Amino acid sequence: MSTASQLRPFALVAGWEQLPDDIVHLDVADVAVDADDNVFVLARKEPAVIVYDADGRFLRTWGAQVLSNRPHAITISPEGTVYVVDEGSHVVRLFSPEGGERGLIGTPGAASETGVDSSNPSLYHRIQSIERGAGPFNRPTKVAFAPSGDIYVSDGYGNARIHQFTGDGVLLRSWGEPGSGPGEFNLPHCVSVLSDGRVLVSDRENDRLQVFTPEGGFIEEWPGLQRPTATTIGPDGLVYVLESGLWKGDVSIARGTMEEDLAPRVSIFDDRGTLLERWGNVGDDPCRPGNLVAPHGLCIDSRHHLYIAEVTHTSRSRRGRDADDGHTLQKFARVS
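All of these numbers come straight from a predicted model, not from anything done at the bench. (Residues numbered from 1 in each chain as written. Predicted model: local features only at pLDDT ≥ 70, side-chain atom pairs only at ≥ 80, totals over all residues. Heavy atoms only, no water.)

A. Structural view of the overall build of the chain. Secondary structure summary: the chain contains two helices and 28 strands in total. On C-alpha atoms alone, the chain measures out to a radius of gyration of 18 Å, which is about the 20 Å that the 2.2 N^0.38 rule sets for 336 residues. Within the chain, the fraction of its 336 residues that count as buried is 58%. If you take every contact in the chain between residues at least 6 apart in sequence, the share linking residues at least 24 apart comes to 50%. (Helix = DSSP H or I, 4+ residues; strand = E, 2+ residues; numbered from the N terminus. Rg over C-alpha atoms; globule rule 2.2 N^0.38 Å. Buried < 20%, exposed > 50% of the residue type's maximum accessible area, 1.4 Å probe, protein only. Contact = heavy atoms within 4.5 Å.)

Structure, rendered in structure tokens:
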């Protein structure tokens, strides 16, 4: 892969989010846009979906009485159904844009048998305790839709698999085992599908993306990343990759114990894995507006505006690294 400029091709849209005074989101796990560029925000600290129009005006909120305390990702289907990956309940929940329940994939509370030690508080040790890949689900992470209408779900915090379903939610196949070889995963944290049906998996703790055929055949890997936590395909067909940071003292499966901070960044690739642009933080303060603290999810709208969700409380403030007033949702507009 080629090198790319560190110059930012996006500028922060300050003050975009018009959050009502009575709503708090110390963590935002993910963000998605619908066909009208309405923005659906998945808040975790007080679990709910918050909906804005494209200009940041608050429209509604829903899901507070349904979601577990660990919702992980949100994706909107081409037909407008909102898919919420509820990691804490081991299911994918389906909603109307107004929050009406439309069904679910999986059985609430029923985790598949992977041998994972879920009691271990250390992510590093918990991921390494997974003994085998298994069926849906054990703490799933993301949903993506294929041009064929099939649905892909990455299953990563307690599993090491990708599951492929029909559009009606019937399981077609699963693939993946724990490890770092081709077709193996150490936390498949996100899944996206290119226009030709190739499946991109963010193999986060192996610091790479893996590329598969629609049926799960391994094609190649895109190495050289740092904890790729999320991907999205832009209207231009480019692949936008959100790379999470590591902080001094953190333990990484791929890198060991960190001796210095590794700041988050955004990388943009063409659909064949050529790096086109890359940008990260300005200065040493991750809490500075426009910088990234704990990026976890992203999406891009029809106008090439980029939205980035951050789990700032979980990653930083609850550990005493920052105050609880850091940004958790930011909008960036394309400028170059």
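B. Main features of the side chain of Asp-207. Among the secondary structure elements, Asp-207 is positioned in the loop between β17 (199–203) and β18 (208–212). Given the relative accessible area of 9%, Asp-207 is considered buried. The residues touching Asp-207, leaving out its near neighbours within four places in the chain, are Pro-223, Gly-224, Leu-225, Gln-226, Arg-227, Pro-228, Ala-254 and Arg-255.

C. Representation of unusual backbone geometry. In the segment running from Pro-136 into Phe-137, the intervening peptide bond is cis, with an omega of -15 degrees. Mapped onto the fold, Phe-137 is located in the loop between α1 (123–128) and β10 (140–145). In the Ramachandran plot, Leu-187 falls in the positive-phi region, its phi being about 75 degrees despite a non-glycine side chain.

D. Quick look at the sheet that holds strand β6 (residues 71–76). Strand order in this open sheet of four strands is β6-β7-β8-β9, and the pairing throughout is antiparallel. Across the chains shown, the open sheet's two edge strands, defined by having one partner strand only, are β6 and β9 (101–105). The mean angle between the axes of side-by-side strands here comes to 20 degrees, regardless of whether they run parallel or antiparallel. The sheet contact formed by strand β8 (residues 91–95) and β9 spans four bridges and is antiparallel. When the bridges of β9 are listed, Leu-94 appears paired with Gly-103. (Pairing = 2+ DSSP bridges. Axes fitted to C-alpha atoms, helices over the stretch in contact; angles between N-to-C directions.)

E. Just the pattern of salt bridges, in detail. Following the criterion strictly, the structure yields 21 salt bridges and no others. Two residues, Asp-271 and Arg-198, come together in a salt bridge whose shortest N-O distance is 4.0 Å. Here the residue Asp-271 occupies a position in the loop between β24 (265–269) and β25 (275–280), and Arg-198 occupies one in the loop between β16 (188–193) and β17, the gap between them amounting to 73 residues. In this structure Arg-198 comes out as buried when scored by relative accessible area, which is 7%. Connected through shared salt-bridge partners, Asp-196, Arg-198, Asp-271 and Arg-272 make up one network. (Salt bridge = Lys/Arg side-chain N within 4 Å of Asp/Glu carboxyl O.)

F. Spatial organisation of the pairing of strand β13 (residues 171–175). With four bridges joining them, strand β12 (residues 161–165) and β13 adopt antiparallel strand pairing. Counterpart to Gln-164 in the pairing with β13 is Arg-173.

G. Broad picture of the pairing of strand β27 (residues 306–310). The buried fraction of β27 is high, at five of five residues. The two faces of β27 match: Leu-306, Ile-308 and Glu-310 on one face and Tyr-307 and Ala-309 on the other face are all buried. With five bridges joining them, strand β26 (residues 295–300) and β27 adopt antiparallel strand pairing. For Ile-300, the partnering residue across the bridge sits in β27 and is Leu-306. Turn length for the β26-β27 hairpin, with the two strands adjacent in sequence and antiparallel, is five residues, and the turn residue His-304 shows positive phi of about 65 degrees. Sheet analysis places β27 next to strand β28 (residues 329–334), joined by four bridges and oriented antiparallel. When the sheet's bridge partners are listed, Ile-308 is paired in β28 with Gln-330.

H. Highlighting a negative patch on the surface. On the surface, a cluster of negative charge is contributed by Glu-259, Glu-260, Asp-261, Asp-284 and Asp-285. Here Asp-261 lies in the loop between β23 (256–257) and β24. Judged by relative accessible area, Asp-261 falls into the partly exposed class, the value being 48%. (Patch = residues over 30% accessible without salt bridge, like charges linked within 9 Å, V, L, I, M, F, W, Y side chains within 5 Å. Areas by Shrake-Rupley, 256 points an atom, 1.4 Å probe, with all protein chains shown as cover. Lys, Arg positive; Asp, Glu negative; His and termini not counted. Charge placed at Lys NZ, Arg CZ, Asp CG, Glu CD.)

I. Looking closely at the packing of aromatic side chains. As enumerated under the stated definition, the model contains 14 aromatic pairs in all. Taken together, a centroid distance of 6.5 Å and an interplanar angle of 75 degrees make the contact between Phe-10 and Tyr-240 edge-to-face. Highlighted residues: Phe-10 in strand β1 (residues 10–12) and Tyr-240 in strand β21 (residues 239–243), separated in sequence by 230 residues. Between the aromatic rings of Trp-175 and Phe-212, the centroid separation amounts to 5.5 Å while the plane-to-plane angle is 55 degrees, which identifies the pairing as tilted. Taken as a pair, Trp-175 in strand β13 and Phe-212 in strand β18 lie far apart in primary sequence, 37 residues in all. On the basis of relative accessibility, which here comes to 0%, the residue Phe-212 falls in the buried class. Among the aromatic residues, those joined into a cluster by ring pairs are Tyr-152, Trp-175, Phe-185, Phe-212 and Phe-218. (Phe/Tyr/Trp six-rings, centres within 6.5 Å; stacked < 30°, edge-to-face > 60°.)

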